[in-house]
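Listed below are the residues making up each chain.
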Amino acid sequence: MDKNTKIAFLGLGSMGAPMARRVADAGYPLTVWNRSAGRAEGFEKVAASPGEAVRDADIVVTMLADPAAVRDVVSALAAELKPGATLIEASTIGPAALAEVTALIPDGVNVVDAPVMGSVDRAANGELSLMVGGDADEVMPLLEIFGTVNRTGAAGTGAAMKLVLINGIVNGVALIGEAMALADSFGLPEEQVKRAMATSPLAGIAGRAFAEGSFFPVRLAAKDVALAAAAAKLPIASTIHDRLTAYPDATNEDVGQIVKYFRS
C-alpha cells in the first residue's frame, strides 16, 4: 500500500479517535464516521453514514464498542465495499461475532481481525499491541501505525487471543482489588502493600491496577469478560463479571478504579 491508499475509519470513541488521528497524521487520505457526529470534530473529511464513509475506501477500519454495534455498522456499509477492499475489524468482539460479521461481507473483500491491547495513552502514541488474524500482509503498513503487530494465524485467531489476554488482565485487576481489601482488614499500610506487590510476581497486574493516565472503562471490561465467559466455562470470570457490574458509579471509570470499590 502507498500513501494514496484511501482509508475509512468508523468509530471515534476513546480508542478509535486517537487511532484515526494517527492515520491522518501519517498522510493517508482518510474519511471518518461516528454515530455521534461531535466526536468527529477536527477531522477533515467526515461521512454522514457508514456507507458513504467506505464507498471509495481501499481499507476500512472498524473500532466500535461491542458485537451489536459492529454488526449494525457492517450491515449498513457492506453493500458499499468495493471489490478488493480490506475490512480491518479492530473492536473486541470475539471470534464468534467476527464470523457473523464476516458473513455479512461480500465476496472479494478481505477481512482481517486486529483487536488491540493498550489504553488511550498508548493509542495516541502508537504503542498498542495488535492481535492480528487473517491475511494481513497488504495492510501491515497501516497496522504498524497503531503499534506492535502480533500475527496469530487464521482469521478469528486475533479476536480469540484478545479475549484470552483481556480476560486475564481484567480478572487480575479485580483480584488485586480483593487483595487490597484483605490488606485493609489486616490494617496494613496501603503504600507498604503496593511496594510489596511491585517486587512480587503480582508486579505487572498490580501496575495496571494502580496505573495513572490509562483509561479502559469498567463497562467495556465487563463486556469483554462476558464475551469470554460465553465462550467457555469460566466460573471465576463469571463471578468477576457480577462484581464489575455491581457498582453503577464505576461504569465509566478506568477498570483500575474498581480496586477502590472492592475496598469500600
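Right above here is the structure, for reference.
A brief report on the enclosed structure follows. Since the structure is predicted, the reported quantities are computational estimates derived from the model, not experimental observations.

Here the focus is the layout of surface pockets. For the largest pocket, the calculated volume is near 1,000 Å³. Among the secondary structure elements, those contributing two or more residues to the lining of the largest pocket are β6 (116-117), α5 (120-125), α7 (157-186), α9 (203-209) and α10 (218-231). Class assignment of the residues belonging to the lining of the largest pocket gives a composition of 20 nonpolar, 12 polar and 10 charged. Space inside the second largest pocket adds up to approximately 220 Å³. Surrounding the second largest pocket, 13 residues form its lining, K6, T31, K45, A53 and D56 being those nearest its centre. Grouping the constituent residues of the lining of the second largest pocket by class yields 7 nonpolar, 1 polar and 5 charged.

This paragraph deals with the packing of α10 against helix α11 (residues 235-244). Their axes nearest at 9 Å, the elements α10 and α11 cross at an angle of 155°. Judged by the angle between their axes, α10 and α11 are roughly antiparallel. The two elements α10 and α11 cross, and the hand of that crossing is left-handed. Residues V218, A221, A222, V225, A226 and A229 of α10 pack against A237, S238, H241 and L244 of α11. Across the contact of α10 with α11, the residue classes break down as 8 nonpolar, 2 polar and no charged.

Looking along a regular strand, one sees side chains alternate from face to face of the sheet. Residues I59 and V61 point to one face of strand β3 (residues 59-62) and V60 and T62 to the other, with burial holding for every one of them. The pairing of β3 with strand β4 (residues 86-89) spans 4 bridges and is parallel. Bridged to V61 within β4 is I88. You can see the chain leave β3, run along helix α3 (residues 67-77) and come back into β4, and the turn it takes is right-handed.

Okay, a nonpolar patch on the surface next. On the surface, M161, V164 and L165 cluster together into a nonpolar patch covering about 240 Å² of accessible area. Structurally, V164 can be placed in helix α7. What makes V164 exposed here is its relative accessible area of 56%.

This next bit is on the side chain of S91. Its location among the elements puts S91 in the loop between β4 and α4 (94-103). Among the polar contacts listed, one links the side chain of S91 to the backbone nitrogen of L64, at a separation of 2.8 Å. A polar side-chain atom of S91 sits 2.7 Å from a polar atom in the side chain of E89. Excluding anything up to four places from it in sequence, S91 contacts T62, M63, L64, V70 and P115.

Bringing the packing of aromatic side chains into the picture now. Counted according to the given criterion, the structure contains 3 aromatic pairs. Consider the rings of Y247 and Y261, whose centres lie 5.5 Å apart with planes at 45°: the pair is tilted. Of this pair, Y247 sits in the loop between α11 and α12 (258-263) while Y261 sits in helix α12, placing them 14 residues apart in sequence. Given the relative accessible area of 14%, Y261 is considered buried. Relative to F262, the ring of Y247 has its centre 6.0 Å away and its plane inclined at 45°; by these criteria the two rings are tilted. Residue Y247 is located in the loop between α11 and α12, and its partner F262 is located in helix α12; the two are separated by 15 residues in the primary sequence. An aromatic cluster is defined as three or more aromatic residues linked by ring pairs; in this entry it consists of Y247, Y261 and F262. Stacked on the ring of F210, the Lys or Arg K194 has its end atom at 4.5 Å from the ring centre.

A few words on the pattern of salt bridges. Under the criterion given, the structure shown has 13 salt bridges. K82 serves as the salt-bridge partner of D58, at 2.8 Å between the closest nitrogen and oxygen. Of this pair, D58 sits in the loop between α2 (50-54) and β3 while K82 is found in the loop between α3 and β4, placing the two residues 24 residues apart along the sequence. By relative accessible area, D58 is classed as partly exposed at 25%. The partner of E190 in a salt bridge is K194, with the nearest N and O atoms 2.9 Å apart. Of the two residues, E190 and K194 both sit in helix α8 (residues 190-198), 4 residues apart, roughly one turn of that helix. A network of salt bridges, in which partner residues are shared, links D184, E190, E191, K194 and R263.

Thresholds applied
Residues numbered from 1 in each chain as written. Predicted model: local features only at pLDDT ≥ 70, side-chain atom pairs only at ≥ 80, totals over all residues. Heavy atoms only, no water. 1 Å grid on protein atoms, 1.4 Å probe; cavity = no way out; pocket = protein on both sides within 12 Å on 5 of 7 lines; lining within 4 Å. Points joined across faces, edges and corners; volume = space filled by probe spheres on them. Helix = DSSP H or I, 4+ residues; strand = E, 2+ residues; numbered from the N terminus. Nonpolar A, V, L, I, M, F, W, Y, C, P; charged D, E, K, R; others polar. Axes fitted to C-alpha atoms, helices over the stretch in contact; angles between N-to-C directions. Parallel < 35°, antiparallel > 145°, perpendicular 65-115°, else oblique. Left-handed = near helix turned anticlockwise from the far one by under 90°. Contact = heavy atoms within 4.5 Å. Buried < 20%, exposed > 50% of the residue type's maximum accessible area, 1.4 Å probe, protein only. Pairing = 2+ DSSP bridges. Right-handed = clockwise from strand over helix to strand, strands pointing away. Patch = residues over 30% accessible without salt bridge, like charges linked within 9 Å, V, L, I, M, F, W, Y side chains within 5 Å. Areas by Shrake-Rupley, 256 points an atom, 1.4 Å probe, with all protein chains shown as cover. Salt bridge = Lys/Arg side-chain N within 4 Å of Asp/Glu carboxyl O. Polar contact = N/O pair within 3.5 Å; in protein donor to acceptor, adjacent residues only side chain to side chain. Phe/Tyr/Trp six-rings, centres within 6.5 Å; stacked < 30°, edge-to-face > 60°. Lys NZ or Arg CZ within 6 Å of the ring centre and 35° of its normal.

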